Amino acid sequence: MSHHFIESLKWRYATKSFDTDKKVSAEDIASLKESINLTATSFGLQPFRVMVIDDPALKTKLRAASWDQPQLEESSHVFVFASKLDMTAEYIDDYVRRTAAIRGLPYEALSGYGDFMKNSIADKDPEFIQGWNRRQAYIALGTLMAAAAELRIDACPMEGFDPAQYDELLGLKEKGLTAAVIAPVGYRSAEDPTQHAAKVRLPLEEMFL
Ligand SMILES: Cc1cc2nc3c(=O)[nH]c(=O)nc-3n(C[C@H](O)[C@H](O)[C@H](O)COP(=O)(O)O)c2cc1C
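- In the nomenclature of an unreviewed UniProt entry, the chain corresponds to Nitroreductase from the organism Neolewinella agarilytica.
- Heading Cofactor (unreviewed entry) of the UniProt record for the chain holds this comment: "FMN".
- Word for word, the UniProt comment on the chain under Sequence similarities (unreviewed entry) is "Belongs to the nitroreductase family."

Here you go:
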């Protein structure tokens, strides 16, 4: 299993050019979505939401807001990770209630944990909270990349876009969200030379202290 997983990680690369004739199946998109939803997050709060976009007209607009990077139009679907702009007591309470319902516990049994979470963020400024929320979205990006590789679906993690334009195009601000990071997915173009480039990574002795 672990060997196979390393093979998957070696197979994947940040895809620069996708085959425009190939679409990721609905079943595989469902698996990728589930991988994101199963991602670990701090306290389990999942402080981000994800849009999965395959509308060609919208993808063209996103390309213009992404340094004209072709992956936006050529890929099958674009995953947009949008992190929350805040973290409120109400949001934490919803989470505590969901936990109680799913685990068949009374709310009161978990309210202490809820208070602990609320206290831990009480003295944090909005900048910290937004950075914290954004980091959780990046963990999910990592899960998506790994899950896609296992399914032999190509992807390109991307920060090369204008979040303000994304927020506008996708109506994210009204939802209390901002675009954090994106990942077009699909199938590599046979013509993408990047797939043949050797991976550039630190020697393990340098990475591990
Ligand atoms: C957070 C993040 C943002 C990135 N942004 C872009 C991007 O905007 N455009 C792009 O072509 N590649 C982007 N990359 C891809 C990286 O350049 C690539 O992952 C890195 O060079 C390692 O190569 P590999 O993923 O092919 O192994 C990004 C990667 C990450 C993790």
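Regarding the side chain of Ser8
Moving on, step 1. For Ser8, the position within the fold is in helix H1 (residues 2–11).
Moving on, step 2. With relative accessibility at 0%, the residue Ser8 sits in the buried group.
Moving on, step 3. Side chain to side chain, Ser8 and Glu150 meet in a polar contact 2.8 Å long.
Moving on, step 4. Apart from residues no more than four positions distant in its own chain, Ser8 is found in contact with Ala149, Glu150 and Arg152.

Observations regarding the UniProt feature "domain: Nitroreductase" (unreviewed entry) in the chain
Moving on, step 1. Here, UniProt's "domain: Nitroreductase" (unreviewed entry) annotation points to residues 9–187.
Moving on, step 2. Secondary structure across residues 9–187 comprises 51% helix and 15% strand; the distance between its end C-alpha atoms is 16 Å.

What to know about the packing of aromatic side chains
Moving on, step 1. Using the criterion set out here, one finds 5 aromatic pairs in the structure.
Moving on, step 2. Taking the centre distance of 6.0 Å and the plane angle of 80° together, the rings of Phe43 and Phe116 count as edge-to-face. Of the two residues, Phe43 is situated in the loop between helix H2 (26–37) and strand S1 (48–53) and Phe116 in helix H6 (residues 107–122); the sequence distance between them amounts to 73 residues.
Moving on, step 3. Its guanidinium or amino end placed over the ring of Phe128, Arg135 lies 5.7 Å from that ring's centre, counting from NZ or CZ.
Moving on, step 4. Just above the ring of Trp11 sits the side chain of Arg188; from NZ or CZ to the centre is 4.1 Å.

Focus on H2
For an α-helix the count is 3.6 residues per turn, leaving residues at separations of three or four pointing the same way.
Moving on, step 1. Taking 1.5 Å as the rise per residue, H2 with 12 residues should run 16 Å; its terminal C-alpha atoms sit 16 Å apart, in good agreement.
Moving on, step 2. Buried within H2 we find Asp28, Ile29, Leu32, Ser35 and Ile36. Buried residues along H2 cover an arc of 115° about the axis, so they all sit on one side. For H2, exposure combined with an orientation more than 90 degrees from the buried face picks out Ala26, Glu27, Glu34 and Asn37.
Moving on, step 3. Where H2 is buried, its residues contact S1, strand S2 (77–84), helix H7 (126–150) and strand S4 (177–186).

Rules used in this analysis
- Residues numbered from 1 in each chain as written.
- Predicted model: local features only at pLDDT ≥ 70, side-chain atom pairs only at ≥ 80, totals over all residues.
- Heavy atoms only, no water.
- UniProt positions renumbered as here; feature names shortened; annotations may be inferred.
- Helix = DSSP H or I, 4+ residues; strand = E, 2+ residues; numbered from the N terminus.
- Buried < 20%, exposed > 50% of the residue type's maximum accessible area, 1.4 Å probe, protein only.
- Polar contact = N/O pair within 3.5 Å; in protein donor to acceptor, adjacent residues only side chain to side chain.
- Contact = heavy atoms within 4.5 Å.
- Phe/Tyr/Trp six-rings, centres within 6.5 Å; stacked < 30°, edge-to-face > 60°.
- Lys NZ or Arg CZ within 6 Å of the ring centre and 35° of its normal.
- Expected span 1.5 Å × (residues − 1).
- Arc of directions from axis to C-beta.

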